[in-house]
Amino acid sequence: MENGKKVVTIAYGCQMSERDAETLTEITRDAGYKSSDQLETADLVIVNTCCVRESAENRILGKIGELKKLKEKNPNLKIAICGCMVQQPGALERLQKRAPHVDIWAGTHNLSDFSVLLRRAEQEEKVAEVWQEPKIMIESTPLAEKGKLHANVNIMYGCDNFCSYCIVPHVRGRERSRNPEEIIREINYLVASGCREVTLLGQNVNSYGKEFSPVYDFADLLHHVDQIPLLLRIRYITSHPKDLSDKLIETVAKGEKLCEHFHLPIQSGSNFILQRMNRKYTREYYLSRVQKIRDLLPQASLSTDIIVGFPGESEEDFEQTLAMMDSVHYSQAFTFMYSKRSGTPAAIMEDQIPLDVKKRRLQRLMGVQNQVSLEWRQQMIGKVYEVLVEGPSKTNPTRLAGRTRGNELVVFSGNPAIIGTLVNVRIVEAGSWTLVGDIERS
Ligand code: 5AD
Ligand code: SF4
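Now for a description of the structure that goes with this document. (Residues numbered from 1 in each chain as written. Chains lettered and ligands numbered in written order. Predicted model: local features only at pLDDT ≥ 70, side-chain atom pairs only at ≥ 80, totals over all residues. Heavy atoms only, no water.)

### Remarks on the nonpolar core
Note that soluble globular proteins tend to have their nonpolar side chains buried in a common cluster. Counting 53 residues, the largest nonpolar core has Ile-187, Leu-200, Phe-218 and Phe-262 as its most contacted members. Each of domain 2 (143-259) and domain 3 (296-379) accounts for three or more of the residues forming this core. Apart from residues lying up to four places away in sequence, Leu-200 is in contact with Val-153, Ile-155, Ile-187, Val-205, Phe-218, Leu-221, Leu-222, Ile-234, Arg-235, Tyr-236 and Ile-237. Of all hydrophobic cores here, the second largest spans 28 residues; its members include Leu-70, Ile-81, Met-85 and Trp-105. (Core = buried A, V, L, I, M, F, W, Y, C linked by side-chain atoms within 4.5 Å. Buried < 20%, exposed > 50% of the residue type's maximum accessible area, 1.4 Å probe, protein only. Domains from an automatic or database assignment. Contact = heavy atoms within 4.5 Å.)

Next comes the structure, spelled out in structure tokens:
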């Protein structure tokens, strides 16, 4: 079906957005496009957008502006803007006015229809489709790209939690779980083409299967994926602390390929703020979950997401978040300033926090977390960890890089022939972001 045309796909935001971008690339492949990273020679540019924070939207608007200049040089270029930003209530009209040079606008539920939109755009038509709900079976999107060591696999779509700050439930719709047989089939297909590690994706994987009868939950799915031959590692994101069951922690503890890494977004350490965020747990409950993990898996790594400057957050509330960093010893934390998202309850709450206060709190939080992460890496020195060798190190291509089961990045010397295999590495040094190690000779 090759027609000599080239497509560049750019994804902003979370792994789900990246996975959607892969699906879009696959759809264009069927329409005869070859994937490329050279914007200058592209016939089609697809941007899969994110709207979780204003900063992401601003970056994307900047990119759409750059693409206008590219189109002035190459009037045959087609531009497609897809995903969460387009799906926001009322956003399409505003975006269309601002960027009339865009050829295709498509919401999060319109991926399945993208080949039709593309064909219409190729006939010089400007097209825009934003369905309010998904219209087709969620299984019928193309499979992830073949031949890579790591793959993202959607297990569910949407979110029902409605955290008061978050736009995601408004742009990705209600929770829908994929059929387990389809998920296993997709992973088998990926493994047959060389994939050795999968990350199972969902906004809240811990509530996977809640609509299934007879009962089949996330722990059951993990147990089944763990049986797939040749697959070496299984990761998953994101877990909501309120739904982290004992059964899940026990399944990970018993599993062979299930990595001992828990990404458990806490968002805030203050019960007052957690309640205003509609997170449905307390700091005490969160700490009890952490304790359960530590009891069963003393070596497990924990990472988190934190928002500072949520409306009404006092200095005391913020201090309680800082205290959590010391209690939990996160290996990594993704930290954000609260960003007002219109249409969410928090956007109209009183006591919005001034930007300078948010910035100051973010700086302090990052300072504390950098120290905690360093201490976490330092306690790894001298111990031996199983590492999946991913390829040459990005910072020093003469060395190799890989990840521990806890998702810590390690750099070491070795023969490139071991890429894609598991090796044991003794940690000898802990840098500010990575670890340095030596392969253990057996
Ligand atoms: N402002 C700042 N951060 C946000 N997140 C989600 N919504 C917002 C917002 N309005 C963060 C949360 C979530 C992560 C993916 O993004 O921490 O876990
Ligand atoms: Fe947003 Fe909360 Fe759903 Fe995560 S769980 S996507 S933060 S609403």
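### Points about the site of ligand 2
Neighbouring ligand 2 are the residues Cys-159, Asn-161, Phe-162, Cys-163, Tyr-165, Cys-166, Val-168, Pro-169, Gln-203, His-240 and Arg-279. Tallied by class, the residues present in the shell around ligand 2 amount to seven nonpolar, three polar and one charged. (Near = heavy atom within 4 Å. Nonpolar A, V, L, I, M, F, W, Y, C, P; charged D, E, K, R; others polar.)

### Observations regarding the site of ligand 1
Taken together, Val-52, Arg-53, Tyr-165, Gln-267, Asp-305, Ile-307, Phe-336, Met-337, Tyr-338, Ser-339 and Arg-341 make up the full set of residues near ligand 1. The separation between an oxygen atom of ligand 1 and a polar side-chain atom of Gln-267 is 2.7 Å. Asp-305 places a polar side-chain atom, nitrogen or oxygen, 2.7 Å from an oxygen atom of ligand 1. Taking 400 Å² as the accessible area of ligand 1 by itself, protein coverage stands at 85%. When residues of the shell around ligand 1 are traced back to their parent elements, those giving at least two are strand 13 (301-308) and strand 14 (332-337). In the shell around ligand 1, the residues fall into six nonpolar, two polar and three charged. (Polar contact = N/O pair within 3.5 Å; in protein donor to acceptor, adjacent residues only side chain to side chain. Areas by Shrake-Rupley, 256 points an atom, 1.4 Å probe, with all protein chains shown as cover. Helix = DSSP H or I, 4+ residues; strand = E, 2+ residues; numbered from the N terminus.)

### Side note on the pattern of salt bridges
If you walk through the whole model with that rule in mind, you get 30 salt bridges. The salt bridge involving Arg-233 is made with Glu-386; its shortest N-O contact spans 3.1 Å. A residue pair is termed long-range when its members are at least 10 positions apart, and Arg-233 in strand 11 (residues 233-237) and Glu-386 in strand 15 (residues 384-392) qualify at 153 residues. Assessed through its relative accessible area of 0%, Arg-233 is described here as buried. Between Glu-315 and Arg-361 there is a salt bridge; the shortest N-O distance is 2.8 Å. Of this pair, Glu-315 sits in helix 12 (residues 315-328) while Arg-361 sits in helix 13 (residues 355-378), and the two are 46 residues apart along the sequence. The exposure class of Glu-315 is partly exposed, given its relative accessible area of 31%. Through salt bridges with shared partners, one network takes in Asp-160, Arg-174, Glu-175 and Lys-210. (Salt bridge = Lys/Arg side-chain N within 4 Å of Asp/Glu carboxyl O.)

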